[in-house]
Each structure stands twice: as structure tokens, then as C-alpha cells.
Amino acid sequence: MVNWSEIDAKWQAAWREAKLFEPEPSDKPKFYLTVAYPYVSGPMHIGHGRTYTIPDVIARYKRMRGYNVLFPMAYHFTGTPIVGAAKRVARREPAFVKVLTECYRIPREMLNEFENPKFYAEYFARQSELSYRKGMEKLGHSIDWRREFTTVDPAYSKFVTWQYHKIQAAGLIVKGRHPVKWCPNDGNPVTDHDLLEGEGVEIVEFTLLKYRYGDQILPAATLRPETVFGVTNLWLNPAASYVSVRVGGEDWIVSEQAVDKLRHQGFDVGEVRPVKIDFTKKVEVPLIHKMVPILPASFVDPDNATGVVGSVPAHAPYDHVALLELQENPEILLSYGIDPDEVAAIRPISLIEVPGYGESPAVDVVERLGIRHQKDPRLEEATAEVYRNEFAKGRMRSWVTKYAGMPVSQAKKAVREELLATNEGSTMFEFSAKPVTCRCGSPVVVGVVEDQWFLNYADEGWKRKARDCLARMHLVPPETREQFEHTIDWLHEWPCTRIVGMGTPAPWAPNWIIESLSDSTVYMAYYTISHLLKTVDPNSLTDEVFDFVFYGKGDPQQLSRSTNIDVEKLQRMRREFSYWYPLDYRMSANELIPNHLTFHIFHHALLFPDLCPRGVVSFGIAVLEGQKMSSSKGNIVAIHEAVARYGADTVRLYLMSTVEPWQDFDWRASEALAMQKNLERFVSLAEEIISLPDEKMSTLDQPARWMLSRLQGHIRGATEALDNFETRKATQHSFFMMMQDVRWFMKRESRPEVRAHVLRRVLDVWLRLLAPLVPHICEELWEKLGKQGFVSTADWPAVDERLVDREAELAESFVLRVIDDVAKIIKVMKRQPKKLCLYVAPPWKWRAFQIALEYCRTGAVDLGRLIKEVEEKLELHLAKAELVRLLQQMVQEIRKMPAQELDLAASGVLDEQAVLKEASDFIRGEFSLSEVHVYSADDQSRYDPQHRAALSLPLRPAIYLE
RNA sequence: GCGGGGGUAGCCAAGCCAGGUUGAAGGCGCUGGCUUCAGGAGCCAGUCCCGUAGGGGUUCGGGGGUUCAAAUCCCCUCCCCCGCACCA
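Computed from a prediction, not measured in an experiment: that's the story for all the values here.

**Q** Could you clarify how one ought to interpret the nonpolar core in this entry?
**A** What tends to happen in soluble globular proteins is that the nonpolar side chains get buried as a cluster. Core analysis: the largest hydrophobic core is formed by 171 residues, its most contacted members being F124, M587, W667, F682 and W766. Element by element, the count of residues in this core is highest for helix α27 (residues 752-770), at 10 residues. In contact with F682, not counting residues within four places along its chain, are F735, M739, W766, L767, L770 and L781.

**Q** Looking at this structure, how should I read the packing of helix α18 (residues 543-551) against helix α19 (residues 556-563)?
**A** Helix packing for two helices is described by the angle between their axes and how far apart those axes are. Put simply, α18 and α19 touch, their axes get as near as 10 Å, and they point 150° apart. Between α18 and α19, the angle is such that the two are roughly antiparallel. Remark: the crossing between α18 and α19 carries left-handed chirality. Two secondary-structure elements touch here, α18 through E544, V545 and F548 and α19 through P556, L559 and T563. Residues that form the contact of α18 with α19 fall into these classes: four nonpolar, one polar and one charged.

**Q** Explain the state of the cysteines here, please?
**A** Disulfide: a covalent bond formed between the sulfur atoms of two cysteine residues. On inspection of all chains with the given rule, the structure shows one disulfide. Between the sulfur of C469 and that of C612 lies a disulfide, 2.4 Å long from S to S. Across the S-S bond linking C469 and C612, the dihedral sits near -130°, which makes this disulfide left-handed. Note that C469 is positioned in helix α15 (residues 460-471) and C612 in the loop between α21 (593-607) and β26 (615-619), a separation of 143 residues in sequence. Side by side, C469 and C612 carry an identical accessibility label, which is buried.

**Q** Just to check I follow, could you spell out the packing of α19 against helix α20 (residues 567-580) for this structure?
**A** Remark: α19 packs on α20, axes separated minimally by 9 Å, with the N-to-C direction vectors making an angle of 120°. By the angle between their axes, α19 is oblique relative to α20. Here the hand of the crossing between α19 and α20 comes out right-handed. Of the residues in α20, those in contact with P556, Q557, L559 and S560 of α19 are V567, L570 and Q571. Of the residues contributing to the contact of α19 with α20, the split by class is four nonpolar, three polar and no charged.

**Q** Would you mind showing me how to read the environment of T51 here?
**A** Structurally, T51 is set in helix α2 (residues 46-64). Between the C-alpha atom of T51 and that of G786, which follows or precedes it by 735 residues, the distance is 34 Å. Discounting chain neighbours no more than four positions away, the residues touching T51 are V35 and F619. A polar atom in the side chain of T51 sits 3.1 Å from the backbone oxygen of G47.

**Q** I tried to follow the pattern of salt bridges on my own but got confused; where do I start?
**A** Oppositely charged side chains can form a pair if their charged atoms are brought close together. Tallying each qualifying case throughout the model produces 59 salt bridges. With its nearest N and O atoms 2.3 Å apart, the salt bridge here joins E390 to R224. Here E390, found in helix α13 (residues 378-393), pairs with R224, found in the loop between β7 (216-222) and β8 (233-236); they are 166 residues apart in sequence, far enough to count as distant. Look at E390 and you get buried, because its relative accessible area is 0%. Using a relative accessible area of 11% as the deciding quantity, one classes R224 as buried. Between D741 and R710 there is a salt bridge, and its shortest N-O distance comes to 2.8 Å. Of this pair, D741 sits in helix α26 (residues 727-748) while R710 sits in helix α25 (residues 702-723), and the two are 31 residues apart along the sequence. With a relative accessible area of 5%, D741 lands in the buried category. Three or more residues are tied together by salt bridges with common partners; here these are E22, E24, D144, R146, R147, R572 and E576.

**Q** Hey, could you run me through the protein's contact with RNA strand B in this one?
**A** As a matter of local geometry, RNA strand B sits amid 61 residues, with Y39, H492, P495, R498 and Q663 nearest to it. V828 has a polar backbone atom sitting 3.3 Å from a sugar or linking oxygen of RNA strand B. For the surface near RNA strand B, the leading source of residues is α26, giving seven residues. Grouping the amino acids of the surface near RNA strand B by side-chain chemistry returns 24 nonpolar, 17 polar and 20 charged.

**Q** I tried to follow the sheet that holds strand β1 (residues 30-35) on my own but got confused; where do I start?
**A** Hydrogen bonding along the main chain pairs the strands of a sheet, whether they run parallel or antiparallel. Pairing is parallel across the open sheet formed by five strands, whose spatial order is β2-β1-β25-β26-β20. Of all strands in the sheet, those bounded by a partner on one side alone are β2 (68-70) and β20 (474-476). Neighbouring strand axes in the sheet, compared pairwise and without regard to direction, differ in orientation by 15° on average. Strand direction decides the pairing type here: β1 and β2, joined by three bridges, are parallel. Within the sheet, the bridge partner assigned to Y32 lies in β2 and is L70. Sitting on the sheet, helix α17 (residues 523-533) touches β1 and β25 (585-589), and the angle it makes with β1 is about 120°.

What counts, and at which threshold
- Residues numbered from 1 in each chain as written.
- Chains lettered and ligands numbered in written order.
- Predicted model: local features only at pLDDT ≥ 70, side-chain atom pairs only at ≥ 80, totals over all residues.
- Heavy atoms only, no water.
- Core = buried A, V, L, I, M, F, W, Y, C linked by side-chain atoms within 4.5 Å.
- Buried < 20%, exposed > 50% of the residue type's maximum accessible area, 1.4 Å probe, protein only.
- Helix = DSSP H or I, 4+ residues; strand = E, 2+ residues; numbered from the N terminus.
- Contact = heavy atoms within 4.5 Å.
- Axes fitted to C-alpha atoms, helices over the stretch in contact; angles between N-to-C directions.
- Parallel < 35°, antiparallel > 145°, perpendicular 65-115°, else oblique.
- Left-handed = near helix turned anticlockwise from the far one by under 90°.
- Nonpolar A, V, L, I, M, F, W, Y, C, P; charged D, E, K, R; others polar.
- Disulfide = S-S within 2.5 Å.
- Polar contact = N/O pair within 3.5 Å; in protein donor to acceptor, adjacent residues only side chain to side chain.
- Salt bridge = Lys/Arg side-chain N within 4 Å of Asp/Glu carboxyl O.
- Near = heavy atom within 4 Å.
- Pairing = 2+ DSSP bridges.

Structure representation (C-alpha cells):
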């Protein structure tokens with residue numbers, strides 16, 4: 001049993017005291033990596049454990065490779081979720097309180113403190129056992145803690161202020177209006193976290209077509225303005241209440257429910273009066289100015305947009321079905337005073353042609369599905385199908401002169417533009433699904449925020465800079481490049497200010513807060529000086545200070561006088577930044593590619609065009625026993641619990657071993673436990689090796705040469721893996737394969753002095769290979785092995801080419817193959833043999849083998865020619881049938897064998913007889929035999945009662961068992 | 001719809017780009033043997049099917065093709081996951 005927690009604590013303290021991870025600028029080459037700082041709205045769990053262990057492993061590896069490594073960390077406080085969580089505590093929401101008190105064991109009497117967002121954040125940032133700080137320390141992360149900060153620190157705000165001054169000066173902050181989910185009760189925008197229901201519901205923009213109804217306007221809402229050319233009538237729901245309302249200078253008729261929506265969306269809404277719809281009146285369609293009737297329809301939802309709907313039966317299944325119903329039921333029409341003959345005359349007007357459909361797609365689909373009533377739920381699916389196909393493949397018909405031949409996707413925009421330009425249309429936002437309800441219980445509406453500030457990512461010049469930056473970056477995995485490129489193309493104005501939440505006031509509009517993704521784009525630069533800023537009065541951090549630190553602009557003497565910051569300190573900050581920047585690698589979750597990671601490229605491209613990050617590594621998501629983790633629901637495994645149960649090294653190794661960083665990770669308790677046992681086995685193996693006498697070098701025999709050669713392969717494998725951020729592959733080589741090989745060697749090597757000598761050499765290297773992955777136990781064993789200093793700062797092992805021994809590896813795999821064959825035979829003969837005879841192929845068969853190998857190399861084997869050539873060259877006295885059989889077998893064998901081994905074998909370095917004789921004692925033991933004999937197949941004195949020797953082939957000796 | 005990723009033996013997961021160590025690494029699970037002051041310990045072996053001599057049959061979502069040779073290359077097809085914004 002290993003006392004993991006004791007070892008963890010011992011070495012974490014030792015590293016801290018030695019200030020091992022507090023790098024200073026020097027003349028050593030540097031390696032600077034960062035990972036997205038945590039948003040501290042809950043405990044650190046194993047998903048985060050993985051996120052932060054990956055960079056730690058890389059940092060530790062690079063440190064051993066001789067780099068001066070900077071790995072800093074901070075905490076993200078900015079934004080709404082923490083504030084939202086504090087609010088939920090204030091409201092004492094039962095489910096949330098339960099998670100806090102039961103899952104996270106927060107005493108109930110402390111709850112009122114959690115109503116304060118800052119306390120809340122601090123608690124999970126660094127105060128409690130559940131915190132990120134404690135979790136990372138417990139995992140042994142090699143972080144320079146001197147540099148930690150939070151995004152609400154005054155100095156950080158100064159840095160954000162500097163940054164936004166720069167962006168503003170570049171003309172990339174623009175103002176506009178922006179739709180948001182809005183709670184009228186709270187008077188605030190709400191995020192998805194604030195919703196009781198309606199999470200993920202989108203805001204869609206409808207076009208309003210202004211139909212003239214006498215002096216009034218009926219604004220019909222549609223997502224398909226291009227279909228205006230096919231309008232046959234207007235729909236209103238007779239069961240709904242419509243009102244007349246002043247909007248701007250116009251008199252609109254909309255559903256009662258629409259009035260508030262318009263108001264929230266910034267329309268100038270005046271007096272509201274009830275109105276009775278006169279279904280006998282005609283309305284004038286905008287743009288085409290034709291008169292159409294108003295018809296009653298129950299499918300019209302008064303709570304969706306304006307409650308007024310235009311009818312395009314050729315392209316809208318609802319419209320088509322509703323019209324059919326009216327045509328079949330004239331009595332309904334009569335009750336509204338509508339002339340049934342007029343309605344009976346209405347025909348769908350097709351304006352879009354779509355491959356795969358007839359004249360009117362909506363009619364086709366309705367007929368195919370057999371839909372007869374406007375309340376049929378399948379109309380949703382029918383509408384989606386028609387919409388999708390027309391949008392993707394449809395073109396405007398030739399009669400729609402102005403837009404003839406235009407793809408629907410374009411026509412939609414063009415028609416909309418025309419409607420807006422002629423004031424025959426307007427726009428309105430609506431939710432894509434309902435209901436949307438705030439946690440306070442109030443229904444949420446779409447609110448349009450005026451005076452919203454945006455980062456103008458749509459700016460072509462900025463995009464170009466971002467693309468240039470991206471082109472120079474190394475991306476892991478490489479497939480992410482397309483995602484980044486796509487994101488840069490498609491990103492447009494990003495609303496970068498908020499009304500609520502913690503953060504930095506926008507410099508030009510202090511009533512707004514810089515939004516939390518927008519304040520976290522270039523903070524990697526801030527880390528380089530964050531420890532020094534702790535001794536500086538934040539008020540003295542003017543833009544000029546940052547200009548000097550980041551750009552070297554200005555005179556430090558003068559700057560010192562104006563700011564009261566020591567010149568040395570200013571120069572030291574400048575030196576830190578100049579030394580560490582650019583960032584070598586940025587690591588983050590791949591779900592952040594569409595926003596944070598691309599933003600960080602944009603902002604670097606603007607602020608540090610010559611110092612863009614060199615690379616990005618994107619991580620996959622983590623799940624727990626196949627289930628999505630959720631801090632707010634409490635289904636997580638907290639880091640401090642995992643470390644307490646398994647030890648830091650087990651957690652680290654498990655996190656690194658099952659998948660590569662960019663793949664999705666699944667934590668399974670049973671596998672974590674298994675990993676702990678594996679690690680304990682390693683420890684007892686290592687301790688056994690350490691207890692062996694330190695033998696002097698003696699001649700290395702076959703198993704020893706094999707072991708040392710395999711070791712070189714694993715050094716190479718692990719090195720390549722970590723160079724490519726492949727933690728899983730590194731673990732495979734450094735841990736699992738090493739375990740297998742060492743065990744095999746211990747079993748195989750019979751001479752104690754050779755075994756001791758080789759194993760001690762192996763362990764010296766092995767501990768260093770494992771140190772980035774499981775640093776605590778490696779330090780412990782490194783010390784026990786009698787090595788000086790920390791293994792964490794020891795040299796990473798280099799491949800010793802002199803120990804690479806392909807012959808030894810070939811010989812060993814040859815022995816293994818023979819053992820395998822013998823085992824198979826014993827299994828089939830179903831009794832325990834006493835005696836084993838092995839007959840290795842005679843020289844002439846090797847020559848035939850070489851010739852056959854040449855044939856195989858060129859592709860198709862002409863067996864006839866091969867036989868002829870072998871006969872001629874070897875002058876054999878052999879029955880033709882026998883030779884044919886033999887060569888066929890050889891070709892088959894060659895096809896099955898590894899190419900490199902074959903080449904080596906064919907060169908004749910392998911003395912089969914000698915290798916098998918060396919291994920014969922081992923083989924005897926393996927099968928509990930009493931005798932093992934090795935003969936050449938042409939040895940006249942051999943014991944061979946069943947004439948097996950004739951079956952021998954190169955690399956496949958004949959076998960006889962009795 | 002747009003963009004990205006993926007389907008491999010009971011499970012996870014390598015391999016695929018550069019076709020030939022591929023019945024297919026490694027881990028987990030399971031089975032057997034050994035060891036053991038039977039304990040969720042350790043060690044060894046096995047783990048697609050058939051087979052009293054190292055063999056044969058059939059496998060990498062499905063179908064087709066290229067090739068002496070395909071999990072790997074090409075074509076078609078089915079299915080799954082993630083992102084699409086104001087949310088960190």
C-alpha cells in the first residue's frame with residue numbers, strides 16, 4: 001500500500017519551498033503556455049482537472065527539455081452566471097440550495113454570504129477545499145502562483161481599459177441595436193442560465209409586410225418575404241382579439257398580444273383601441289399592389305409575432321390546407337359575409353421552382369402526407385420540408401420579372417431590402433419556440449437594446465489581420481483550422497457590453513460593463529506582469545504604462561515621474577513581456593473555437609500583430625460515466641474528492657491515459673480504481689528494482705540487449721508523443737508498454753547480476769519518462785533511487801543509439817513466435833508433453849526464402865518463375881510437388897510478416913539455432929517440460945521420430961512434442 | 001441548412017493521412033491457473049468460431065470498386081455527436 005496523500009503533500013511542499021515553478025526571464029529558451037482560466041461559478045471537478053493537467057504535463061515535459069517554462073493561472077469572475085447563481089441563493093431556490101448544501105457541503109448558516117457574488121466567486125476560486133486553487137495544488141500543477149489574479153482586480157480593469165481604448169481608437173467599436181431575451185419583471189436581459197424554461201430558444205427576425213386596409217395597416221409577419229408575389233389572401237384568427245394601435249405615424253392592426261412585444265422592441269407605440277375585423281373588406285398587398293380578401297383561419301397564433309399572416313398556398317402547406325378547408329365549407333365563409341365563389345376561385349400562385357417538386361411544392365407535400373385539416377400537427381414537418389428545399393434549391397420563376405432566376409436564398413434578402421426601402425415593410429423579432437420563462441416566473445419577451453456596443457468583427461481589415469495571424473499558427477488537432485477559418489469569415493458584430501454582471505466599465509460608456517468573453521481576449525499578455533503589478537497602485541496604471549510595457553513606447557524616466565512607479569519596475573515589466581511574448585501555446589476547449597479562441601486571435605492580430613500566439617490546442621469535452629456533468633445540478637466528481645480517494649498521480653495518469661486531449665473524455669470510477677492498482681504495481685516493481693544490488697556492468701545477453709533496445713523505442717515514442725501533445729500515446733509508451741516489457745524482462749532474464757544492472761538503468765530513465773505524468777511518486781522513487789535533485793527538473797532522457805538493437809528485438813520476437821506456436825500445439829493436443837524438439841531451417845531453405853522474398857517485394861508473385869529460379873539456383877534434389885508446397889508456404893509466410901523484420905532476417909543476422917539454444921531453458925520452464933532440444937533440420941543425428949524437420953521454414957522452425 | 005467530428009471485437013480506444021508486423025496495440029471487464037494469515041491484493045495465461053500439431057473459417061456501420069494484398073485508397077449509402085452567438 002502506498003500512502004499517496006503523504007507523498008503528494010511532501011513533494012508539493014518541496015516544490016513550493018524550492019520555488020521550482022516561479023520562472024524569471026533569463027537567457028534560457030522560454031516556453032510560455034496558457035489555458036483558459038476557470039469561470040468560478042462552482043467547484044473544480046474532474047473535467048477541469050483534465051483541462052488543467054494537460055498543460056501541466058506539457059509544461060513539465062518542456063521544463064525537463066531545458067526550457068524556461070511559464071505556466072500561469074487566474075480566475076474569471078466577470079459576467080452574469082456568478083451573479084445569477086448568487087441571486088438564486090438569495091431567492092433560496094430549493095434545488096440550488098440543495099446542491100450547495102448537500103453536494104458541496106456548504107453549511108446552511110453560510111448561505112447568506114453566498115448572496116454576494118464576489119464571495120461566491122472567491123469561495124470557488126481559492127477559498128474552499130472545492131476551489132480551483134486548491135484543486136490545482138492538490139493535483140501538483142506546476143503553476144507560478146505569484147501571477148494569479150481575478151478579472152475584477154482593479155489592475156486588471158486598467159488593463160482592459162487600455163485594451164478597449166486601443167480597439168476604440170482603431171474604430172472597431174460600433175453602436176447599434178440588438179435583440180435580447182428580456183424579463184419585463186426584472187427589467188433586465190436574461191441569459192439561458194436565468195431561464196426556467198425555454199433554454200436554447202433562438203430569436204428569429206420576421207419581416208412585416210404592410211397590407212393596406214383602408215387607412216390602416218395590417219402588418220403580416222413572415223420569414224419568407226420573397227413569397228409576397230404569390231399572396232392570394234390574408235389570414236386573421238377570428239377567435240383572437242385584434243387592436244388598432246398607433247405605431248410611428250401609422251395605424252396598425254395587430255393581435256392584442258403583439259402590442260407589448262412591439263413596445264419592447266423599440267417601436268413608438270401609441271394609443272391602443274379594440275377593433276372589429278371586417279372580413280368583407282379587401283386589403284392591398286405591398287410591393288405588388290393587388291387587392292386580396294381577408295379570410296378566417298384558426299391556425300393563426302395571435303401570440304406569434306403580429307398575429308397577422310399572409311397566405312401563399314403554393315409554398316406554405318398551412319395556407320394551402322386552410323384554403324382547401326374554406327373552399328369545402330362555404331357555410332363558414334357565409335357566416336363572415338364572404339362570397340364563397342370568390343374563395344372557390346382562388347388558386348395557388350407558384351413563384352418558386354424546385355427540382356423534385358411539381359408546380360406547387362406545398363400542394364405536393366400536403367397531398368403526399370394526406371393532410372386535410374389546418375390543425376394537423378404534421379403541417380409543421382411539411383412546412384419545414386418545403387422551407388428547407390425551397391431555400392436550398394429553389395429559384396424564382398421567370399414571371400417574377402425583377403427577381404427571375406434568383407436563388408431563393410438571395411431573393412429573400414433582396415425582397416426584404418426592397419420592402420424596407422419603400423416602407424412597405426418592417427421587421428420584428430420573435431422567439432423560435434415558446435414558452436420562455438424567467439426564473440422569477442415572469443414570461444420573457446424579446447427586448448431590443450438600443451445603444452448596444454459591438455466589437456466590429458465584420459470589419460474586413462480586421463478579418464484579414466486575423467486570417468494572417470491564423471495562417472502562422474500551429475493548430476492541434478489540425479482539423480480545427482477549418483473551424484477557425486469558418487468562424488473568422490462568419491463572425492460579425494459582437495455585442496461586447498452588458499448592463500448587468502461584474503466587470504470593467506466600458507471606457508467610453510461607464511454605465512456599461514465589458515462583457516466577459518470580450519474582457520478575456522489578450523490576458524495572456526497580462527500574466528507576464530501580473531505579479532509585478534501587485535506592488536503597484538492601480539490608479540497609476542495609465543494607458544501610457546501599458547504602452548511602454550507592451551510596445552516599448554515612451555520614456556521610462558518620464559513615465560516613472562508621472563506615475564510614481566519605479567523605473568526599475570517599469571523596465572522589469574517591459575523585460576518580462578518581451579521575454580515571454582509571444583505566447584507559445586494557448587489551450588482551451590474546442591467548443592470555444594467559435595468565440596473565445598477566435599476572439600483571442602482577432603485581438604492579438606490587432607494589438608500585438610507581430611506577437612501572435614504560435615499555437616492553439618483544442619480539448620474535447622469531459623463526461624462522467626457517460627453523462628453530461630453539470631455543476632449546478634451537482635452531478636460531478638470534485639477534484640478534492642478524487643484526489644483524496646485515488647491520489648493525485650492516479651487521477652493525473654487516468655486523465656491523461658484514456659484519450660488524447662482533443663477527444664471527448666469519460667471519467668469512470670471503476671477505471672480510476674483500476675488505474676490506482678496499476679500505479680501501485682508500478683511502485684512495488686520500482687521498489688523491488690531499487691532494492692536490487694547496484695551491480696557493475698557485465699556482458700549483456702540477449703534479453704538484456706532486448707530490454708535496453710525496447711527502452712530506447714519507448715523514449716522515442718514518448719518524446720514524439722509529448723512533442724505532439726499526445727498525452728495518451730505518451731502514457732502508452734511511458735507506462736503501459738514499459739510495464740509489459742519490464743515484466744517480460746524480469747521473467748525472461750535468468751542471470752541476477754544482469755537483471756539488477758539492467759533494471760536499475762531502466763528505472764533511472766523510466767522515472768524521468770513518467771515524471772511529467774505522475775510527478776509525486778517519481779520524485780519519491782527518484783529520491784529512493786539515490787538521485788540528486790528533483791526529477792521534475794532532471795534532464796529528459798535521450799535515445800541512446802548505441803543501445804538500439806534491432807537484432808536483439810528480432811531475436812526476441814522470433815523466440816516469442818516459437819513459444820506461441822508451441823503453446824498452440826499443446827493446446828490442441830490436450831495433454832502435457834515432456835519433451836520439445838525444435839528443428840531450424842537448413843541453409844538452402846534460407847536461400848530459397850531470400851529469392852522468394854525478392855519476388856514478393858515486386859508485388860504479384862509468379863509462382864512458376866519462382867520455382868524455376870529456385871530450382872536453377874539451388875540445384876535441389878527434391879520432388880517437384882514438395883518444392884511447390886514449400887515455396888507456396890514461404891510466400892504465405894512472407895506476406896504475413898512485418899517488412900522490416902523480414903529485411904533484417906533475410907540479411908542473415910539471425911542465428912536461429914543459437915537464439916533458441918539460449919532461450920531453451922526459459923522455454924522449458926514456460927511449458928514445464930523436462931527436455932528441450934534444438935537441431936538443425938539437416939542434422940543427421942537429430943531425434944525426429946515423426947520426420948517433422950522437413951516442415952521447417954526460415955523463422956518458423958519445425959516442432960515436435962512428446 | 002451551414003461548419004466540424006465520428007461509427008473498429010463485451011466496453012473504452014489505437015491503427016486509417018504514407019495499403020502488407022492486422023484476429024487487429026493498450027486499458028477495462030470477464031475466464032482459468034499459481035500464490036496467498038480466500039481480501040475489491042499480487043503474478044501468469046486466455047478471451048470471434050471450429051480444430052487431438054503450429055491450421056482453417058469469418059470480422060473493422062452497410063453496399064460496390066481499385067489491388068497480388070484494404071480497417072487503411074475510390075464511389076454510393078445508413079446512422080451518431082458537437083457548434084451556429086451575446087452563453088461561460
